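Results of the structural survey
Below, each chain spelled out in residue letters.
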Amino acid sequence: MNLVKLERISDMLRSQVESGEIKGGSAYVLRHGRPIFRMNAGMADEARGIKWADDTIVRLYSLTKPITAAAAMILLDRGKLDLFDKVSWYIPGFRNQTVLNSNGSTEPVKNEVCIKDLLDMTSGLCYPDRSFPAGDVMQDMYDKICEEVEAGKPTDTMGYANRIGQQPLAFQPGERWMYGTSADVLGAVIEAVSGEKFGDFLRKELFEPLGMKDTDFWVPEDKLDRFAENYEEKDGKLVPCLWQHLGLTYLCRKPPEFQSGGAGLCSTMDDYAAFAEMLLNEGVYNGRRILSSNAVKYMTSNQLTEKQLSGMDWDQCIGYGYGNLMRIGAGGKGGISVHPGEYGWDGWLGCFWANDPVDGYTFLYFIQRCGGLGARPVRIIKQIVYGAED
């Protein structure tokens, strides 16, 4: 590995800070669990004078989803959950669901939403979105829940999932792929099956065994001096973002009642690298088995049909399949940086992770900017790393 060539990643990060695209960020590359490149640039919180560092804590947003999928795999390994279990067995709000079509007509579901639908985002559950009927109804629900939080009547994880289940689906379960609230519902299923709060289950089964000491649904006061600010662009400048997306509350500064399996966790690069290493080692971390190799192989393989894949047309998904709340590399049309078998995901604020099991790489890129910077920076990081091989 040519370490001089890897410094091109540093050039990219510095350029992003100097141009004002981000206030700060970090890139981290490991191979077979060993660091080969790490660089921090800029500020984690400009107003408080906190520089971006190795232990900076960030909001993961949708990088929470692969962790939720791994938690579900633990229950599958133990025979406490099956992929084809109906969600209504665990969450009563999913009984007697209907589909609200794009033309405004409704119809009953033909097949109930099952666990596999949640893992593969083929459930028909959507995020709030005023551009289509089911998304419009979901937006109304989210707005109502936010009003209740402000009135001091927050909804917990199971309550959230029950209310999601009572909203109409955007399409028949299994018909196609749509990004939505499936992972939040899966968190509630894990609560129901395990008999524990979702966060407690994650802590016992994943965070403590993996040494993920800075990963949780909130950041305690004694760690706030490491907590990065979230920025949004206004009038061509980045300013602190004082609101939260997708029903999250309290700006991550106190424990939330709703522990979002789709977007709620905060973490650090080192913590996420431990989770990534466990998957790269087919379920083993520091000699301890967390997941069966069978579960990891299933978790990291494409689960969508060609018809379902046709709706997954995001820029960061070109050349990928999907399964178990992650993109799965198919190579070919995805370009030079997409290797077959690569898997991972990203978050709304620009945090990105990928494992390349063939060559043993783990790629991490963390920033905190609303909407992120798209897929280009992470493609460049991967291209630089592959181009630096001897």
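Just above sits the structure.
Okay, so let's go over this structure.

Cut-off values and rules
- Residues numbered from 1 in each chain as written.
- Predicted model: local features only at pLDDT ≥ 70, side-chain atom pairs only at ≥ 80, totals over all residues.
- Heavy atoms only, no water.
- Helix = DSSP H or I, 4+ residues; strand = E, 2+ residues; numbered from the N terminus.
- Buried < 20%, exposed > 50% of the residue type's maximum accessible area, 1.4 Å probe, protein only.
- Polar contact = N/O pair within 3.5 Å; in protein donor to acceptor, adjacent residues only side chain to side chain.
- Contact = heavy atoms within 4.5 Å.
- Core = buried A, V, L, I, M, F, W, Y, C linked by side-chain atoms within 4.5 Å.
- Axes fitted to C-alpha atoms, helices over the stretch in contact; angles between N-to-C directions.
- Parallel < 35°, antiparallel > 145°, perpendicular 65-115°, else oblique.
- Left-handed = near helix turned anticlockwise from the far one by under 90°.
- Nonpolar A, V, L, I, M, F, W, Y, C, P; charged D, E, K, R; others polar.
- Pairing = 2+ DSSP bridges.
- Salt bridge = Lys/Arg side-chain N within 4 Å of Asp/Glu carboxyl O.

Here we take up the side chain of Arg226. Assignment of secondary structure puts Arg226 in the loop between helix 7 (198-210) and strand 7 (231-234). On the basis of relative accessibility, which here comes to 18%, the residue Arg226 falls in the buried class. A polar atom in the side chain of Arg226 sits 3.0 Å from the side chain of Asp214. Dropping the residues within four chain positions of it, Arg226 is found in contact with Asp55, Thr56, Ile57, Asp214 and Thr268.

Unlike most non-glycine residues, Tyr61 shows phi in positive territory, near 45°. Within the element layout of this structure, Tyr61 appears in the loop between strand 4 (58-59) and helix 2 (64-77). With a phi angle near 55°, Leu251 is a residue other than glycine that sits in the positive phi range. By secondary structure assignment, the location of Leu251 is in the loop between strand 8 (237-240) and strand 9 (266-267).

Once that is clear, we can look at the nonpolar core. Counting residues in each nonpolar core, the largest one holds 103 residues, and the members touching the most others are Ile67, Leu206, Phe275, Trp353 and Phe366. Element by element, the count of residues in this core is highest for helix 8 (residues 269-280), at 9 residues.

In this section: the environment of Asp54. Along the chain, Asp54 turns up in the loop between strand 3 (50-51) and strand 4. Given a relative accessible area of 36%, Asp54 falls into the partly exposed group. It is 25 Å that separates the C-alpha atoms of Asp54 and Gly261, two residues lying 207 residues apart in sequence. Ignoring any residue separated from it by four or fewer positions in sequence, one finds Asp54 in contact with Arg38, Asn40 and Asp270. Within polar-contact distance, the side chain of Asp54 engages the side chain of Arg38 at 3.2 Å.

Attention now moves to the packing of helix 2 against helix 6 (residues 182-194). Pairs of packed helices are described in terms of their axes, by the angle between the two and the distance that separates them. Where helix 2 contacts helix 6, the axes come no closer than 10 Å and their chain directions differ by 30°. By the angle between their axes, helix 2 is roughly parallel relative to helix 6. Crossing geometry of helix 2 relative to helix 6 is assigned as left-handed. In this structure, helix 2 contributes Lys65, Thr68, Ala71, Ala72 and Leu75 to the contact, and helix 6 contributes Ala183, Leu186, Gly187, Ile190 and Val193. When the residues that make up the contact of helix 2 with helix 6 are grouped by side-chain class, the tally is 7 nonpolar, 2 polar and 1 charged.

This part is about the sheet that holds strand 12 (residues 320-323). Spatially, the 8 strands line up as an open sheet ordered 3-2-1-16-15-14-13-12, and their pairing is antiparallel. Each end of this open sheet is capped by a strand with a single partner; those strands are strand 3 and strand 12. Against the sheet, helix 11 (residues 376-387) contacts strand 1 (24-31), strand 12, strand 15 (352-356) and strand 16 (361-367), and its axis sits at roughly 145° relative to strand 16.

Let us now look at the pattern of salt bridges. Applying the stated criterion to the full structure yields 24 salt bridges. Note that Arg203 and Asp200 form a salt bridge whose closest N and O atoms lie 2.9 Å from each other. Within this pair, Arg203 and its partner Asp200 are both found in helix 7, separated by 3 residues, close to a single helical turn. Counted as one network, the salt bridges with shared partners bring together Asp55, Asp214, Lys223 and Arg226.

Looking now at the pairing of strand 13 (residues 326-329). Side chains of strand 13 alternate between two faces, with Met326 and Ile328 and Arg327 and Gly329 buried alike. Pairing geometry for strand 12 and strand 13, over 4 bridges, is antiparallel. Bridged to Gly323 within strand 13 is Met326. As consecutive antiparallel partners, strand 12 and strand 13 are separated by 2 residues, and within that stretch Asn324 has a phi angle of approximately 55°, a positive value. With 2 bridges joining them, strand 13 and strand 14 (residues 343-346) adopt antiparallel strand pairing. What sits directly across from Ile328, in strand 14, is Tyr343.

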